[in-house]
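If you want the building blocks of each chain, they are given just below.
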Amino acid sequence: MGLFGGSKADALTKDVVLGALRGVLDPNVGKDIVTLGLVEGVTVEGGRVAFTLQFTGEQPPLARAEIHNRARKIVQALPGVSDVKAGIEEITDRRIGRN
């Protein structure tokens, strides 16, 4: 039970997850991954969180791995999170950072 009678998972929302993901910076661009439009399909069901990271072919493989790892860890650390599924998808139809 939380402080006001609800469970910790009650406070876990898509906005909370996106807020946490704003703390993950793309090391090549220096902007957060939400602002860059890399995060898609955030779902929250109880303590389970899923999202997809979308990268262009321009993104170096090491940077992709670093961003993926940081994103998973920052979401897993949120109160109420019991499971995180972070997918990776390569896209070719837009330019990151030019939204």
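Since this is a predicted model, take the numbers as computed values, not measurements.

1. Notes on the pairing of strand E1 (residues 39–45)
Logical step 1: Pairing between E1 and strand E2 (residues 48–56): five bridges, direction antiparallel. The partner of Val-39 across the bridge, within E2, is Leu-53.
Logical step 2: Remark: two residues form the turn of the hairpin made by E1 and E2, two consecutive strands paired antiparallel; Gly-46 in that turn has positive phi of roughly 65 degrees.

2. Focus: the nonpolar core
Logical step 1: Core analysis: the largest hydrophobic core is formed by 23 residues, its most contacted members being Val-17, Leu-21, Ile-33, Val-39, Phe-51, Leu-53 and Val-75.
Logical step 2: Setting aside residues up to four positions removed in sequence, Val-75 forms contacts with Val-17, Leu-21, Val-49, Phe-51, Val-81 and Val-84.

3. Observations concerning helix H1 (residues 14–21)
Logical step 1: Of the residues making up H1, those classed as buried are Val-17, Leu-18, Ala-20 and Leu-21. Seen end-on, H1 carries its buried residues on one side only, within an arc spanning 160 degrees.
Logical step 2: Where H1 is buried, its residues contact E1, E2 and helix H2 (61–76).

What counts and what doesn't
- Residues numbered from 1 in each chain as written.
- Predicted model: local features only at pLDDT ≥ 70, side-chain atom pairs only at ≥ 80, totals over all residues.
- Heavy atoms only, no water.
- Pairing = 2+ DSSP bridges.
- Helix = DSSP H or I, 4+ residues; strand = E, 2+ residues; numbered from the N terminus.
- Core = buried A, V, L, I, M, F, W, Y, C linked by side-chain atoms within 4.5 Å.
- Buried < 20%, exposed > 50% of the residue type's maximum accessible area, 1.4 Å probe, protein only.
- Contact = heavy atoms within 4.5 Å.
- Arc of directions from axis to C-beta.

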